[in-house]
Amino acid sequence: MTARSLSIEIDNLSCAGCAGRAERALDQLPGVSGVSVNFANGQAQMTVDGTEATEIAAALSAANYPARESSATLEISGMSCASCTGRVEDALRAQPGVLEASVNLASQTALIRYLSGANDAANLARALTDIGYPARPAGESGEGTQSARNAAETDHARRLTLIAGALTLPVFIMEMGGHVIPGFRDQVHGTIGRETAWMIQFALTSLVMLWPGRSFFSRGIPALLRAAPDMNSLVALGTSAAWVFSTIALFAPALLPEGTRAVYYEAAAVIVTLILLGRWLEARAKGRTGAAIQKLVGLQPRTARVERNGGITEISIDEVGVGDVAHVRPGEKIAVDGEVLSGDSYVDESMISGEPVPVAKKPGDVVIGGTINGEGALSFRATKVGRDTMLSQIIAMVEQAQGAKLPIQSLADRVVGVFVPAVIATALATIVAWLVFGPDPALTFALVAGVSVLIVACPCAMGLATPTSIMVGTGRGAEMGVLLRKGDALQRLDEARVVAFDKTGTLTEGRPRLTGVTLAGDWNEDDMLRLVAAVEGQSEHPIARAIEAAAHEHGLDLPQPEGFRAISGFGLGARVDDHDLLIGAARLMEREGIDTGAFVERATEMGARGETPVFAAIDGQLAAILAVADPVKDTSRKVIDRLHAQGLQTAMITGDSHATAKAIAGQLGIDHVESEVLPDGKVAALRALRERHGTVAFVGDGINDAPALADADIGIALGSGTDVAIEAADIVLISGDLAGVVNAIGLSRATMRNIRQNLFWAFAYNTALIPVAAGVLYPLTGTLLSPMLAAGAMALSSVFVLSNALRLRRLGPVMERGAA
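Residues numbered from 1 in each chain as written. Predicted model: local features only at pLDDT ≥ 70, side-chain atom pairs only at ≥ 80, totals over all residues. Heavy atoms only, no water.

An unreviewed UniProt entry lists the protein chain under the name Copper-transporting P-type ATPase, with Roseovarius halotolerans as the source organism. For the record of the protein chain, the UniProt heading Sequence similarities (unreviewed entry) holds the text "Belongs to the cation transport ATPase (P-type) (TC 3.A.3) family. Type IB subfamily." (UniProt positions renumbered as here; feature names shortened; annotations may be inferred.)

Quick look at empty space enclosed by the protein now. Inspection of every chain in the model, using the stated rule, returns three cavities of 30 Å³ or more. Put simply, the largest cavity is a space of about 50 Å³. Lys 503, Thr 504, Pro 512, Ile 543, Thr 612, Val 628, Ala 629, Asp 630 and Asp 656 together form the lining of the largest cavity. Those elements giving two or more residues to the lining of the largest cavity turn out to be α18 (503-507) and β24 (621-629). Across the lining of the largest cavity, the residue classes break down as four nonpolar, two polar and three charged. When residues of the lining of the largest cavity are assigned to domains, at least three map to each of domain 5 (481-508 + 633-748) and domain 6 (513-629). (1 Å grid on protein atoms, 1.4 Å probe; cavity = no way out; pocket = protein on both sides within 12 Å on 5 of 7 lines; lining within 4 Å. Points joined across faces, edges and corners; volume = space filled by probe spheres on them. Helix = DSSP H or I, 4+ residues; strand = E, 2+ residues; numbered from the N terminus. Nonpolar A, V, L, I, M, F, W, Y, C, P; charged D, E, K, R; others polar. Domains from an automatic or database assignment.)

Here we take up the nonpolar core. By size, the foremost hydrophobic cluster in this structure holds 91 residues, and its most contacted members are Leu 493, Val 499, Phe 501, Leu 643, Ile 731 and Val 741. Take this core: its biggest share by element is 14 residues, from helix α28 (residues 739-774). Setting aside chain neighbours within four positions, we find Leu 493 in contact with Ala 697, Ile 714, Ile 716, Ile 731, Ala 744, Ile 745 and Ser 748. (Core = buried A, V, L, I, M, F, W, Y, C linked by side-chain atoms within 4.5 Å. Buried < 20%, exposed > 50% of the residue type's maximum accessible area, 1.4 Å probe, protein only. Contact = heavy atoms within 4.5 Å.)

So, on to unusual backbone geometry. You will see that Asn 64, though not glycine, has its phi angle at about 70°, which is positive. Assignment of secondary structure puts Asn 64 in the loop between α2 (53-62) and β4 (69-76). Given the relative accessible area of 21%, Asn 64 is considered partly exposed. Positive phi, normally seen in glycine, also occurs at Asn 309, with a value near 55°. Here Asn 309 lies in the loop between β8 (303-308) and β9 (311-316). According to the relative accessible area criterion, Asn 309 is exposed, its value standing at 85%.

Those residues carrying the UniProt feature "transmembrane region" (unreviewed entry) are residues 160-184, 196-213, 234-256, 262-281, 415-437, 443-466, 759-778 and 784-806 in this numbering. With 83% helix and 0% strand, residues 196-213 has its two end C-alpha atoms placed 24 Å apart. The span residues 759-778 is 85% helix and 0% strand, and its two end C-alpha atoms sit 29 Å from each other.

A separate point is the packing of aromatic side chains. Here the structure, examined in full by the defined rule, presents seven aromatic pairs. Here Trp 434 and Tyr 778 contribute two aromatic rings whose centre-to-centre distance is 5.3 Å and whose plane-to-plane angle is 80°, an arrangement assigned as edge-to-face. One end of the pair, Trp 434, is in helix α14 (residues 409-437); the other, Tyr 778, is in helix α29 (residues 778-781), with 344 residues separating them in the sequence. One aromatic cluster is present, formed by Phe 202, Trp 243, Phe 251 and Tyr 265 through successive ring pairs. The cationic tip of Arg 591 hangs over the ring face of Phe 570; the distance from NZ or CZ to the ring centre is 4.8 Å. (Phe/Tyr/Trp six-rings, centres within 6.5 Å; stacked < 30°, edge-to-face > 60°. Lys NZ or Arg CZ within 6 Å of the ring centre and 35° of its normal.)

What follows concerns a nonpolar patch on the surface. Taken together, the side chains of Val 432, Leu 435, Val 436 and Phe 437 define a hydrophobic patch exposed on the protein surface, amounting to about 440 Å² of accessible area. Mapped onto the secondary structure, Phe 437 falls in helix α14. (Patch = residues over 30% accessible without salt bridge, like charges linked within 9 Å, V, L, I, M, F, W, Y side chains within 5 Å. Areas by Shrake-Rupley, 256 points an atom, 1.4 Å probe, with all protein chains shown as cover. Salt bridge = Lys/Arg side-chain N within 4 Å of Asp/Glu carboxyl O.)

What follows is the structure, encoded as structure tokens:
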């Protein structure tokens, strides 16, 4: 079994420490590597090689962070015997994340239980269809989509907060009203008596802790007993200490030293209520951090109109298969990716590429699922469905990037790993210090200070600081047409010192044209061009397209070459009409011992004008030099200028001649030029730039750019380029516009700045408030930090971090497409 990536969802993650412990539990499994647990969205990503989903679920369950599960029912056709059911069950169990699969031959259905996030009903149905058992989802249970889960989590947190608030309010008024209304406490005690008032507080506070606050104890106490305390443990310890002390004061006052009898039920109840309020606000904010993903998911149509049984039928999008012919009316969403068969229209692709201008579509053109058709009607053949569509891949890439762990987060992880035990130790030391050195009633002071330390130090803000910013930043990037395939590219791009570009198709239009021909010997232009274009017709290079197009413009019929060979980094060779041809750069001629001296001056002139010289030799003799010019993109100079304004150096790496490369670099204002570079030499050129200047980002679009994109510190591929280049890159500019490079760097810098602000706030908050909670200001002010205020401050710190991350949603592009 080969290694594969797996993404699942985890419950009970209430702080960064929880995420770290879940991570360690997964890391210990054989065959599991690259584990990253995101506290903000409750997801875990890992690479799995041979490890069963049941082993993963068991490891997480043992750590008290169970994997979230979903179930699906499939309706299956074509099963006729027990061997069919066995084959179907085996196929389902082999799918990522499947825990259990049960197939019923009589009802022709399958019930599957799987890890949420690792799979879905449509994909499972497609897996069965692919092996010859057509299937479709009959219904899916579980917790639904991420947005539905976020809504459910928010509603649950709101309900618990309101219940806790309703129960806490009488306790708070009864105990704290005397601090606001003169004589209020005496009136309460004189009416119902102090003991009765305390009994009411006991009942209501106990209810608060057992009902809305139950999760703090059900999760925190087991974690404490396993010697792995988390945020819930801190809350459970703090509120229990206040409740136990108060209960002893109420029912067994003789056990307490003289003068220390007092109750702190209001502190325990208010702490639970405020922390629940904080979680409610967190849930609301976390729901908004994934808004970009939900917007992308919302682009997916639910149905499609396809040809079935001689007519056009509307079916569920999950039932569309590759090869189906679909029809789309004016104004409708295109269901899946496909190739236009008939009709002409303009399609709004702005939601995918960010490009505002509708794109003309005619037979043979590609359409993308989720985009909106204009005023014409189209029919198209489905080429990609389900998880293979561009929109689904974009969603998957953004989700994967959002779950990534940046290097900057390692500091927070290391601190959080020891933070909770250190807080408990600090609280115990605080209690001891007050009991030994504090004034009377020392026990009361010790309790207040110890509980405040436990509550104020919950490390929620630390755990939320990085992942929330990543989620919002990557989502906003997708909306701007900047797709981060790997989340850690955010930090590496912020560290970039040099941006290097490929030339053809990146800085230039990639649509060169033949601008001149100089002949040698007795050849005439048409005869020479006919032979050369026949060979170039077998190549995918843009220069080859220019020469072939020129031959067609001359009305030439091109013969079929024999023995075609591409000579990587040099050119082409073939035999045409009993002639041996070699076509390429001067270095190809030199390698083959063909004298180019007659054209040296001409080649230099071409290079000075930014034209590319292409040499053609026929039967071992130089026959011609062709000048090919590739226009520079309109935005290239503006992009280079913006990069310089951002303090970055620029470079161009190309296989073109030195003269041509130098001319184009001068035209664009590029700082460094690496010319006459073979495809495998681009990697060496990048490494040389890295040694001289530091972190390097490389921008390219062609197949020959894939090694450089993979080797660069940050590989940026133009979405208009080849699939190979896109797969090798860290960042994809969906529209193919170079302005996306500037926007990607702006996005990276803004996100990293946001993360640093969050981490500073989280660390500064804990650093400053733990000593205050312990009572260092008491000798100066005579007051202690109330546990209730500590709970409020703790909740507000998390809300602040989330709110700061959400500011990234308002981030606009640094450079508009095609604008200065």
